[in-house]
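# A closer look at the structure
Read off the chains here:
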Amino acid sequence: MSFISPEFICLFIFCFLLYHLTRGKSRKTVLLVTSGVFIGYFHWEFLLIALSISLLTYNAGLLLEKVRPKNKSTQTVYWTALACLLLCWTGFRHAESLTGNASLLFPLGLSFYTFQAIAYLTEVYWEETPAERNLPDFLLYMLLFMKFLSGPIERPNDLLPQIKKLHPASYDMMTYGLKLIAIGLIKKLIIADHLAPHIDEIFQAVHTASGAQLIMAALLYPIELYADFSGYTDIAIGCAMLFGLRLSPNFERPFTAQTITDFWRRWHISLSSWVRDYLYLPLTSVTRRLGQTGIAISLIITFVALGIWHGVGWNFVIYGLIQGIVIVWEQNTTSIRKTISRRIGSPLYGLLAAIRTYLIFAFSLIFFKAKNMDDAVYFIRHLSFQTHSNWKEIDLGISDHICIVTGIALLLIGIYEYFMARTDLLRQIEKQPAVVRWSIYYLTAFLILAYGQFGSENFIYLQF
Amino acid sequence: MDINETLEILNRIFRQVLKKTEITLSENTTAHDVDGWNSLTNMLLISEIEQTFQIHFPFREIVKLKNVGDLCRAIISKTN
């Protein structure tokens, strides 16, 4: 059940009405049952797996607290639970290649709720958060339907207190949530879904595309990925706000980053901060005696692991490796960048640095998006300005009309994000006269309905 | 060693590792307040502090340090 499906809209409206008509503990029941239906709708086995992992994590958390005062080894409990979670994730991730059975499906959301489970257990193990004793609260933390499929990956200290004090959403919060959903739909339906079929086609058949088409596909893919995933996140955060819940932000204008280091502080924030806290920092603790070399080793291991998380194959290893190597390089060239910035002026340097960051990320995404390593290498070796027949083919087969619509939508989202960095534009809209306000609402709805590419219900990050 | 002496030594370490002469730490200073003190430099600072004071911080102890005041108290308890 995708966010952009009639089934989801019906389930969501039903859940929303019941949630706001009921009181106290019934609200938790409404959210929990809806989450169960949402997950089980795909496959009842997916619900069973999610419940099993949640129960394992819940009991391991309680056991950690139980053995701690008796001075028994909390390490054994923690590492055993962690090993179970990682084995389960690895087993499902590699099930197809291990068994040769192509009909085995990777359970939706497994990576994301496994990450949440690891975050929870680690926080309990580090004594940063108490073990959750209320099972329905914990199940909601793990299975809440708005963030179940692709995050944001929530920390226990952020989400559990909100679940414990569920309340109806205020009018302000609801309208804000609806506006975020509209922004998400523009990103997804007008930008990502218009670009996706054409970029996919190039990556599926790299041998038949011209050099110029390969360049265009490589340059446009970061935009498609961003519009798709940040669109999903806006919809997820907006939906949660309709229930009075605040989910963590996942993107903060990543394409304004002047370095890849900064880029990863702005891109898929809930995952990059998870990886920083639970993998990179423990690694640097082990390697700290090695100084800068230790930091470099930890960074590279962390980003290779991040690459492997996205998929099986050397192309994902290279994708992670590029991020790691560039960040290590950036750490050792800070003074060079400062000198260049002083010489050419900060505004021009900022622009050039942002373009450089975008190009490095676009290059690394060739390994991320290509079917396999051979395709990725072919893709890179054939990047050129050569065309098969004429320059018109660099539109990748997108019609002029769609080019204009997608281009305008991209420009509007760029302007929106530019102003959001300075002031909360969505709040500013609320302060406008009713005529202006409602004109914007109707125009947005018209744009989505008239120019949205309906039909595809998939989001790119569902596969992870 | 008292907290002011510890702060003075920490100031010197932070200025040297982060290559910023203008850093002045207080007990309430956190990573958000110091330009350049982030996940990439945190362990370099910890390592330098450990070598200077001849002490060792287990990882779980590092996680619990929320500001410079916590760091000072942890150093004092290990050196006294």
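Below or above, wherever it landed, is the structure these notes cover.

Cut-offs and rules
- Along each chain, the written sequence defines residue order, and numbers are assigned to residues from 1.
- Ligands are numbered from 1 and chains lettered from A, in the order in which they are written.
- The model is predicted, so local features are restricted to residues of pLDDT at least 70 and side-chain atom pairs to those at 80 or more, both for listing and for counting; the totals for chains, interfaces and linings are taken over all residues.
- The basis for the side-chain values is all heavy atoms of the structure; hydrogens and waters are excluded.
- Runs of H or I in DSSP of at least four residues are treated as helices and runs of E of at least two as strands, each being numbered from the N terminus.
- Both definitions apply: the radius of gyration is a C-alpha atom measure, and the globule rule equals 2.2 Å times residues to the power 0.38.
- Exposure is judged per residue with a 1.4 Å probe applied to protein chains only, and the accessible area is read against the type maximum: over 50% gives exposed, under 20% gives buried, and values in between give partly exposed.
- When checking whether two residues touch, look at their non-hydrogen atoms; a contact exists if any pair is within 4.5 Å.
- Counted as positive: Lys and Arg. Counted as negative: Asp and Glu. His and the chain ends are not counted at all.
- Taken as the charge centre is NZ of Lys, CZ of Arg, CG of Asp or CD of Glu, depending on the residue.
- Defined here as a combined quantity, buried area equals the accessible surface (1.4 Å probe) lost by two parts on assembly, summed across both.
- The salt bridge criterion pairs a side-chain nitrogen of Lys or Arg with a carboxyl oxygen of Asp or Glu, the two atoms within 4 Å.
- Polar contacts, as used here, are pairs of N or O atoms within 3.5 Å; protein pairs need one atom able to donate a hydrogen and one able to accept it. Residues neighboring in sequence count only if both atoms are side-chain atoms.
- For every element, the axis is a line fit to its C-alpha atoms; helices are fit only across the contacting stretch, and the angle between N-to-C directions ranges from 0 to 180 degrees.
- Any angle from 65 to 115 degrees is called roughly perpendicular, while one under 35 is roughly parallel, one over 145 is roughly antiparallel, and all others are oblique.
- Note on convention: near helix rotated counterclockwise from far helix by under a right angle means a left-handed crossing. Clockwise means right-handed.
- Only Asp, Glu, Lys and Arg are considered charged in this grouping, and only Ala, Val, Leu, Ile, Met, Phe, Trp, Tyr, Cys and Pro are considered nonpolar; every other residue, Gly among them, is considered polar.
- Here is the rule: rings of Phe, Tyr and Trp (six-membered ring for Trp) pair when centre to centre is within 6.5 Å. Planes less than 30 degrees apart are stacked, more than 60 are edge-to-face, and the remainder are tilted.
- A positively charged side chain is recorded as over a ring if its NZ (Lys) or CZ (Arg) lies within 6 Å of the ring centre. The angle to the ring normal must also be within 35 degrees.
- A pocket here means an open set of points on a 1 Å grid, computed over the protein atoms alone, that has protein on both sides within 12 Å along at least five of seven lines. A cavity is instead a set of points where a 1.4 Å probe fits but cannot get out; residues with an atom within 4 Å of a point line either one.
- Grid points are joined across faces, edges and corners, and a volume is the space filled by probe spheres set on the points.
- An automatic or database domain assignment supplies the start and end points of every domain.

This paragraph deals with the overall build of chain B. Helix and strand counts for chain B stand at 4 helices and 0 strands. Its C-alpha radius of gyration of 11 Å places chain B within 12% of the 12 Å reference for a compact globule of 80 residues. Overall size of chain B, expressed as C-alpha extent along the three principal axes, is 30 × 25 × 20 Å. Put simply, chain B has 80 residues, and 46% of those count as buried. Counting only contacts in chain B whose residues sit at least 6 apart along the sequence, the fraction spanning at least 24 positions is 50%.

Take the overall build of chain A next. Assigned secondary structure in chain A consists of 21 helices and 0 strands. In terms of C-alpha radius of gyration, chain A reaches 23 Å, essentially the compact-globule figure of 23 Å for 464 residues. Taken along the three principal axes of its C-alpha coordinates, chain A extends 70 × 65 × 55 Å. Within chain A, residue pairs in contact and separated by at least 24 positions form 76% of the contacts whose partners lie at least 6 positions apart. Taking the average place of the 37 positive charges on the side chains of chain A and the average place of its 31 negative ones, the gap between the two points comes to 10 Å.

Before going further, it helps to examine the interface of chain B and chain A. The interface of chain B with chain A comprises 19 residues on the first partner and 21 residues on the second. For the pairing of chain B and chain A, the buried interface totals around 1,700 Å² over both sides, and the portion due to carbon and sulfur atoms is 53%. Ranking the residues of chain B by area buried against chain A places Leu40, Phe59 and Arg60 of chain B at the top, with a combined share of 38%. The tally of links between chain B and chain A comes to 5 salt bridges. The residue Glu50 of chain B makes a salt bridge to Arg288 of chain A at a minimum N-O spacing of 2.5 Å. Counting across the chain B and chain A interface gives 10 residue pairs in polar contact (both at pLDDT 80 or more). If you list the elements that add at least two residues to the side of chain B that touches chain A, you get α2 (42–53) and α3 (59–64) of chain B.

This part is about the packing of helix α15 (residues 314–331) of chain A against helix α17 (residues 346–369) of chain A. Residue and element names in this part refer to chain A. For the pair α15 and α17, interaxial distance at closest approach is 7 Å and the crossing angle is 155 degrees. Judged by the inter-axis angle, α15 sits roughly antiparallel to α17. The chirality of how α15 crosses α17 is right-handed. Two secondary-structure elements touch here, α15 through Asn315, Phe316, Ile318, Tyr319, Ile322, Gln323, Val326, Trp329 and Glu330 and α17 through Arg356, Ile360, Phe361, Phe363, Ser364, Leu365, Phe367 and Phe368. Among the residues making up the contact of α15 with α17, the classes are represented as 12 nonpolar, 3 polar and 2 charged.

Moving on to the packing of aromatic side chains. All names here are of chain A. Considering all chains together, one arrives at 49 aromatic pairs over all chains under this definition. Geometrically, the ring pair formed by Phe8 and Phe12 is tilted, given 5.7 Å between the ring centres and 35 degrees between the ring planes. Separated by 4 residues within a single helix, Phe8 and Phe12 lie in helix α1 (residues 6–21), roughly one turn from each other. Comparing Phe8 with Phe12 shows no difference in burial state: the two are buried. For the ring pair Trp126 and Tyr278, a centre distance of 5.8 Å and an interplane angle of 35 degrees mean the geometry is tilted. Highlighted residues: Trp126 in the loop between α6 (110–125) and α7 (135–143) and Tyr278 in helix α13 (residues 269–287), separated in sequence by 152 residues. For Trp126, a relative accessible area of 7% translates into the label buried. The class for Tyr278 is buried, based on a relative accessible area of 11%. Counting every residue linked through ring pairs, the aromatic cluster contains Tyr226, Phe229, Tyr232, Phe251, Phe255, Phe263, Trp264, Trp267, Phe303, Tyr358 and Phe361. The cationic tip of Arg27 hangs over the ring face of Tyr19; the distance from NZ or CZ to the ring centre is 5.8 Å.

This next bit is on the layout of surface pockets. All names here are of chain A. Here the second largest pocket defines a volume of roughly 1,400 Å³. Every residue lining the second largest pocket is counted, 46 residues in all, and those nearest its centre are Leu178, Lys179, Ala182, Thr444 and Ile448. At the level of secondary structure, the elements contributing two or more residues to the lining of the second largest pocket comprise α1, α10 (171–204), α11 (211–241), α19 (400–420), α20 (425–430) and α21 (434–451). Each residue belonging to the lining of the second largest pocket can be placed in one class, and the counts come to 36 nonpolar, 5 polar and 5 charged. No fewer than three residues from each of domain 1 (6–168) and domain 2 (173–395) sit in the lining of the second largest pocket.

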